[in-house]
Amino acid sequence: MTRWCLVLSALVLLTCFTVMADDDDRVMGVYEGGFDDSGANLALRAQVVGEGKFQFRAVLFVGQSGQAEERVEIKGKGKDGVASFNGDSRVNALGGQVAISGDIRDQVFKGTVKAGRKTLGFTLRRVFPEPPTRGMAPPEGAIVLYNGGDPVTNWVRVPEAWCAEEDGSMAVCGSSLMTRQALGSGTYHVEFMTPYMPTERYQGRGNSGVYILGRYEIQVLDSFGTPPAWDLCGGIYKQAVPLVDAVLPPLQWQTYDITFTAPQFDEKGNKTANARITVVHNGKVIHDNLELTGPTPGGLGDNEVSEAPLMLQDHGNRVKYRNIWYVPAK
């Protein structure tokens, strides 16, 4: 559903056009802004996570110039686009124990942080970050694997079904999807969207995976608001934790730009070099020329090969994919 949203800035009234899903609760998401008192010399941002029909968790990141951010969590309740939060925590940058409270209304998070005798007000506004390669057209020489319509042209089902969506994407909905063509070393571009499942937890929350050569999984999951881990979004399953948190909220399109070098073999089939992978998630490098010691679980096989299909894993959740292409290595 298309809605207009009005965003107040300090100087002007800006109008922005945002595409929201019908099941967007107008509370969960990325919030940016800061403390109302510029003399605080502190940065502030938030990630608000849905944790039930009327339950929320706000993750506040408090930072100071030249220092790492501190992470603070408070609980909230609400409905119909309105939610209230409060909690106590320790923030070293503010001198120790603090009390935090605030409300979200019309996608604006306003509140206070009480630190001793000092009270700091804050204002954060919900934003929709734009990954730099989201919607990027395939470059010259790319093999287009999916750009809308029926997936049957380039994909096979493993084993049951696929779902073409009205928005030009395809969803895993009972079967993993595998390209008909074997692919190898090169660059892969994949866009995905996880569903909003606030009552679910951990692996039951928007679970899927992008398997390069059907064997090396980059995890797809709604782990927004949770520190990176190998079994969460962007993780190389059981092998590597993302270097930074690049996860966007559910119902927002995300990007993986993957540079992959297949394992090498001699004439007798003995492996002479491990596979290597670089993953850029929503414009941030989360794995940098990482050596892969072997396949991850749940793929097409434990044997390693130099070419094989790309696989999108079905894990029981309706995760959507679009704008998928591959550029072979030269």
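All values derive from a computational prediction rather than experimental measurement. Every chain is numbered independently, its residues counted from 1 as its sequence is written. Where totals are concerned, whole chains, interfaces and linings use all residues; where local detail is concerned, this predicted model gives features only for residues with pLDDT of at least 70, and gives and counts side-chain atom pairs only at 80 or more. Values shown for side chains rest on all heavy atoms present in the structure; no hydrogens or waters enter the calculation.

## What to know about the packing of aromatic side chains
Okay, step 1: Here a Phe, Tyr or Trp ring, Trp counted by its six-membered ring, pairs with any other such ring whose centre lies within 6.5 Å, and the pair is stacked when the planes are under 30 degrees apart, edge-to-face when over 60, and tilted otherwise. Scanning the model with the defined rule gives eight aromatic pairs in all.
Okay, step 2: For the pair Phe 56 and Phe 85, a centre-to-centre distance of 6.5 Å together with 55° between the ring planes defines the contact as tilted. Placement of the pair is Phe 56 in strand S5 (residues 55-64) and Phe 85 in strand S7 (residues 82-91), with a sequence separation of 29 residues. Take Phe 56 and Phe 85: they sit in the same class, and that class is buried.
Okay, step 3: Judged by centre distance (5.1 Å) and plane angle (85°), the rings of Trp 230 and Tyr 237 are edge-to-face.
Okay, step 4: Exposure categories follow from relative accessible area, calculated using a 1.4 Å probe and restricted to protein chains: below 20% of the type maximum is buried, above 50% is exposed, and the middle band is partly exposed. Note on Trp 230: relative accessible area 33%, which makes it partly exposed.
Okay, step 5: Among the residues examined, Tyr 237 registers a relative accessible area of 18% and is labelled buried.
Okay, step 6: One aromatic cluster is present, built from ring pairs that chain together Tyr 31, Phe 56, Phe 85, Phe 109 and Phe 122. Going along the chain from the N terminus, every DSSP run of H or I of four or more residues is numbered as a helix, and every run of E of two or more is numbered as a strand.

## Describing the pattern of salt bridges
Okay, step 1: Salt bridges, as used here, are contacts in which a Lys or Arg side-chain nitrogen is within 4 Å of a carboxyl oxygen on Asp or Glu. Per the stated rule, a full pass over the model turns up 13 salt bridges.
Okay, step 2: The residue Lys 320 makes a salt bridge to Asp 167 at a minimum N-O spacing of 2.6 Å. Linking Lys 320 in strand S25 (residues 320-328) with Asp 167 in the loop between strand S13 (163-164) and strand S14 (170-171), this pair joins segments that are 153 residues apart in sequence.
Okay, step 3: You can call Lys 320 buried: its relative accessible area is 16%.
Okay, step 4: With its nearest N and O atoms 2.9 Å apart, the salt bridge here joins Arg 322 to Glu 191. Separated by 131 residues along the polypeptide, Arg 322 in strand S25 and Glu 191 in strand S16 (residues 186-193) bring together distant segments of the chain.
Okay, step 5: Residue Arg 322 is classed as partly exposed on the basis of its relative accessible area of 22%.
Okay, step 6: In this structure Glu 191 comes out as buried when scored by relative accessible area, which is 0%.
Okay, step 7: The network of salt bridges with common partners includes Glu 51, Arg 57, Arg 71, Glu 73 and Lys 75.

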